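Single-letter residue listing:
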Amino acid sequence: MENRVVPYVNFKVRSRDAEGNYRWTYPTTADYFKGKRVVVFSLPGAFTPTCTNNQVPSFNAMYDEFTTRGIDSVYCVSVNDTFVMNAWAKSIGANKITFIPDGSAEFTEGMGMLVAKDNLGFGKRSWRYAMVVNDGVVEKFFEEPGRSDNFEEDPYGETTPENVLEYLTEKVANIG
């Protein structure tokens, strides 16, 4: 996955404007990635146990450590609509991460990470992965083992913020 360009997608986002009114915006992949070095993590679904209790809070808590290693933003992508993503972010107080709703799974499918989770009643969802993206190009890719349709487990180890941070720390050390 390294050195590939992230897929071009128009996302559908509902957010508040400067006056506090809700409005629709349609940011593209370019809006999120062009000219930036970001960490992206993707997960099976909002409000799910591993994602809510471990992954999102840890990335949110470690946000400042990412920025000191040259990261501009941290993004959470999930195959959920904007209303679910907004409610989830608010419910767990994840105020440093940008939540990107991939409700139609266009980005996830373009990344080759769309899997069936019908065995859990989820339908099509993202496999758990993380990546460092530099100006729209995948610099480093992390993926949980066992990617397949209707996988019985929900692995979480390779895509932890600690692993991503370790990569960034080593990269900074090797440059200096």
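Before reading further, recall that the structure is shown in the block above.
Model, not experiment: these values are computed from the prediction.

1. Some details on helix α2 (residues 49-61)
Because the α-helix completes a turn every 3.6 residues, residues three or four places apart line up on one side.
(1) Moving on: The terminal C-alpha atoms of α2, which comprises 13 residues, lie 17 Å apart, in line with the 18 Å expected from a rise of 1.5 Å per residue.
(2) Moving on: Maximal helix bending in α2 amounts to about 30 degrees, located at Q55; proline P57 follows within four positions.
(3) Moving on: Considered for burial, the residues of α2 that qualify are T50, C51, T52, Q55, V56, F59 and N60.

2. A closer look at a nonpolar patch on the surface
(1) Moving on: A contiguous nonpolar surface patch, about 360 Å² in accessible area, is contributed by W24, Y26 and F83.
(2) Moving on: Assignment of secondary structure puts F83 in helix α4 (residues 82-92).
(3) Moving on: Judged by relative accessible area, F83 falls into the partly exposed class, the value being 49%.

3. Re the packing of aromatic side chains
The relative placement of two aromatic rings is captured by the distance of their centres and the angle of their planes.
(1) Moving on: The final tally for this structure, using the stated rule, is 13 aromatic pairs.
(2) Moving on: With a centroid separation of 5.9 Å and an interplanar angle of 50 degrees, the aromatic rings of F11 and F107 are classed as tilted. Of this pair, F11 sits in the segment before β1 (13-16) while F107 sits in helix α5 (residues 106-110), and the two are 96 residues apart along the sequence. For the pair F11 and F107, a shared accessibility class is recorded, and that class is buried.
(3) Moving on: With a centroid separation of 5.7 Å and an interplanar angle of 85 degrees, the aromatic rings of F33 and Y75 are classed as edge-to-face. With a gap of 42 residues between them, F33 in helix α1 (residues 29-33) and Y75 in strand β4 (residues 73-78) connect regions that are remote in the sequence. Grouping residues by exposure puts F33 and Y75 together as buried.
(4) Moving on: Here the aromatic cluster, defined as three or more aromatic residues joined through ring pairs, consists of F11, Y32, F33, Y75 and F107.
(5) Moving on: Over the ring of F122 we find R125; its NZ or CZ atom is 4.9 Å from the centre of that ring.
(6) Moving on: When the ring centre of F142 is taken as reference, the NZ or CZ atom of K140 above it lies at 5.8 Å.

Cut-offs and rules
Residues numbered from 1 in each chain as written. Predicted model: local features only at pLDDT ≥ 70, side-chain atom pairs only at ≥ 80, totals over all residues. Heavy atoms only, no water. Helix = DSSP H or I, 4+ residues; strand = E, 2+ residues; numbered from the N terminus. Expected span 1.5 Å × (residues − 1). Bend = angle between axes of the 7 residues up to and from the residue. Buried < 20%, exposed > 50% of the residue type's maximum accessible area, 1.4 Å probe, protein only. Patch = residues over 30% accessible without salt bridge, like charges linked within 9 Å, V, L, I, M, F, W, Y side chains within 5 Å. Areas by Shrake-Rupley, 256 points an atom, 1.4 Å probe, with all protein chains shown as cover. Salt bridge = Lys/Arg side-chain N within 4 Å of Asp/Glu carboxyl O. Phe/Tyr/Trp six-rings, centres within 6.5 Å; stacked < 30°, edge-to-face > 60°. Lys NZ or Arg CZ within 6 Å of the ring centre and 35° of its normal.

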